[in-house]
Amino acid sequence: MMKKLALLSIIMFLTFKCQTQIYSGIGYDANIFRKVEIISFSEASHGSRNEYVARRALIDSLRKDGDTVNILVEMPFYAGKSIKKFYNGEIDTLELLKEFTYYGLRTNSFLELVSEYKFDQGVTFYGIDMQTHLSTLIDLRKTLFEYFPRQMESIKSITDSLMYDFNFDYNASQFENYYKTINNCLNKIDILIDTNSLVTSNVFWEVTFPIIIIKQYFKYIHLSKNSKSFSYILFRDSCMAVNISLIKENSDGKLFIISANGHCVNYENVNTMGTILKRKYGDKYFIIAAQYYQGSVLEPRVIDGVRNIVEIGVNPLKKSLPYKLRKLVCNKETLVYISISTDEELNLLFESNLLYQDFGSYRHKFKKSGYYYVIPRKSFDAIYYIPEVFPSEMVTND
């Protein structure tokens, strides 16, 4: 039987034979994406290449359809600002890479994505994460110096008091002893801005948003060092969801999220970033999640006490979604974009009580830790099925 299979190259369609049945996905449909405001195209591993090729095709299609695109990446807030400085010629590639502190960003795949839109005024990158604060704080200080030159010494004193790596350099008791000083400094920054009636078209991006990120960081450190019930993943996800909403409220165009499946997917009763966004925006938040059947990716691994980035093979569990999809989508060389459709057999698969979805953490260490139980229909709006995934290449040593 012959049917069309839609590839996630978005606009290309091919026809294949299969011994059983070919299941139709849908390719790029402008009508679908016109209705949504936030598109999440997530990855099962930060060290894979395939998703980046498909993302560029989808972003290009959105731009061709007239949309401006805000690319929101699971990376430090200042990394997004550093991309703008790179575009403006203020920093070079090596300086840009210094701000890409997560290994998945230091790859040819991400750098090619950044370079692709250097001259496109309709595409803007933002970092939505709050795990680090130093680069954001340094940049904020420079901005405050420019706005309040007469109070430079006071600003320097305040920000110097916050200029430490509190996560690693302070134990719980040391941090708590210093936490009052931190809050006092943050309050002084707020008072400085409020009492001087700072008015500028860029005040949100240059001052307000960076302060929000910095406050999120300090709250994260405070809770992580003092609360036994603290969930780092859920707190981080809640912050990223807040930051996405803030960017949406203060920008035009579509939001295009690049992050791991574990953050973007809707888990219903678990308050991950994707769950929060789906609850808030409903059908306006569209989730495309990548799933790998086989191949290899880059992942971190500790060897002789040293963290390295190495190539790891992908071998799905038999109860996983990519393993089940392999049986339904017969041509193993085809990258298939599968919308959660009305096909009878796919419906049976997507409505299964529980399947492992691949979000790819530490495959090398614990066989099942790279997977998470989901009900596909409730978790995704579409699946990017990759029969064979290929790794990205590191641009610098991690």
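Description of the structure in this document. The model shown is predicted, which means the values in this text are computed figures rather than measured ones.

About the cut-offs
- Counting restarts for each chain: residues are numbered from 1 in the order of the written sequence.
- Per-residue local features are limited, in this predicted model, to residues with pLDDT of at least 70; the limit for side-chain atom pairs, both in listing and counting, is 80 or more; totals at the level of whole chains, interfaces and linings are taken over all residues.
- Side-chain numbers here rest on the full set of heavy atoms in the structure, without hydrogens or water.
- In this text, buried Ala, Val, Leu, Ile, Met, Phe, Trp, Tyr and Cys residues form a nonpolar core when linked through side-chain atoms within 4.5 Å.
- Each residue is assigned to one of three classes by its accessible area relative to the maximum for its type, calculated with a 1.4 Å probe on protein chains only: buried under 20%, partly exposed between the two thresholds, exposed over 50%.
- The secondary structure listing takes helices from DSSP runs of H or I that are at least 4 residues long and strands from runs of E that are at least 2 residues long, numbered from the N terminus.
- Axis geometry follows a simple rule: fit a line to the C-alpha atoms, using only the stretch in contact for helices, then measure angles between N-to-C directions, giving values from 0 to 180 degrees.
- Roughly parallel covers angles under 35 degrees, roughly antiparallel covers those over 145, roughly perpendicular covers 65 to 115, and oblique covers all other angles.
- Each helix crossing is assigned a hand: it is left-handed if the near helix lies turned anticlockwise from the far helix by less than a right angle, otherwise right-handed if that turn is clockwise.
- Two residues form a contact once any of their heavy atoms are found within 4.5 Å.
- Under the grouping applied here, Gly and all other residues not named as nonpolar or charged are polar, the nonpolar ones being Ala, Val, Leu, Ile, Met, Phe, Trp, Tyr, Cys and Pro and the charged ones Asp, Glu, Lys and Arg.
- Here, a strand pair is defined by DSSP locating no fewer than two bridges between the strands.
- Stacked, tilted and edge-to-face are the three classes assigned to paired rings of Phe, Tyr and Trp, where Trp is represented by its six-membered ring and a pair needs centres within 6.5 Å; plane angles under 30 degrees give stacked, over 60 edge-to-face, the rest tilted.
- The charge count includes Lys and Arg as positive and Asp and Glu as negative, but it does not include His or the ends of the chains.
- Just to be clear on terms, a salt bridge is a Lys or Arg side-chain nitrogen sitting within 4 Å of an Asp or Glu carboxyl oxygen.
- The definition of a polar contact used here is a pair of N or O atoms within 3.5 Å, where within protein one atom must be able to donate a hydrogen and the other to accept one, and adjacent residues in sequence count solely through side-chain atom pairs.

**A short note on the nonpolar core**
If you look at the biggest cluster of nonpolar residues, it comprises 51 residues, and the most contacted ones within it are Phe166, Ile182, Phe218, Ile244, Ile257 and Met273. Broken down by element, the residue count for this core peaks at 10 residues, all from helix α10 (residues 203-226). One finds Leu97, Val297, Val314 and Val389 within the second-largest nonpolar core, a separate group that totals 43 residues.

**Structural notes on the packing of helix α2 (residues 50-64) against helix α5 (residues 108-116)**
Two elements in contact, α2 and α5, have axes whose closest approach is 10 Å; the angle formed by their N-to-C orientations is 15 degrees. In terms of orientation, α2 and α5 fall into the roughly parallel class. For the pair α2 and α5, the sense of crossing is right-handed. On α5, the residues that touch Tyr52, Arg56, Ile59 and Asp60 of α2 are Ser109, Phe110, Glu112, Leu113 and Glu116. Residue classes in the contact of α2 with α5 are distributed as four nonpolar, one polar and four charged.

**Regarding the pairing of strand β7 (residues 285-303)**
Regular strands place their side chains on alternate faces of the sheet. Along β7, 14 of the 19 residues are buried, which leaves the element largely enclosed by surrounding structure. Pairing geometry for strand β3 (residues 38-42) and β7, over five bridges, is parallel. Along β7, the bridge assignment pairs Ile39 with Phe286. Here β7 runs beside strand β12 (residues 382-389); their pairing, made up of seven bridges, is parallel. Looking across to β12, one finds that Gln294 is bridged to Glu388. One ladder, built from nine bridges, connects β7 with strand β8 (residues 306-314); its direction is antiparallel.

**Details of the packing of aromatic side chains**
To describe a pair of aromatic rings, you give the distance between the ring centres and the angle between the ring planes. Inspection of every chain in the model, using the stated rule, returns 28 aromatic pairs. Note on Phe175 and Tyr179: the rings are 5.3 Å apart at their centroids and 35 degrees apart in plane angle, and the pair reads as tilted. Pair noted here: Phe175 and Tyr179 are both in helix α9 (residues 172-195), with a separation of four residues, about one helical turn. Each member of the pair, Phe175 together with Tyr179, is buried. Here Tyr293 and Tyr323 contribute two aromatic rings whose centre-to-centre distance is 6.4 Å and whose plane-to-plane angle is 35 degrees, an arrangement assigned as tilted. Remark: Tyr323 occurs in helix α14 (residues 321-328) and Tyr293 occurs in strand β7; sequence separation between them is 30 residues. Among the aromatic residues, ring-to-ring pairing joins Tyr164, Phe166, Tyr170, Phe175, Tyr178, Tyr179, Tyr217, Phe218, Tyr220, Phe230, Tyr232 and Phe235 into one connected group.

**Some remarks on the side chain of Lys225**
Along the polypeptide, Lys225 turns up in helix α10. It turns out Lys225 is buried and unbridged, and the closest side chain with the opposite charge, Asp165, is 7.9 Å from it. A distance of 2.6 Å separates the side chain of Lys225 from the backbone oxygen of Tyr170, its partner in a polar contact. In this structure, Lys225 is in contact with Phe166, Asn167, Tyr170, Asn171, Ala172 and Phe175, ignoring residues within four places of it in sequence.

In short, geometric facts, not functional conclusions.
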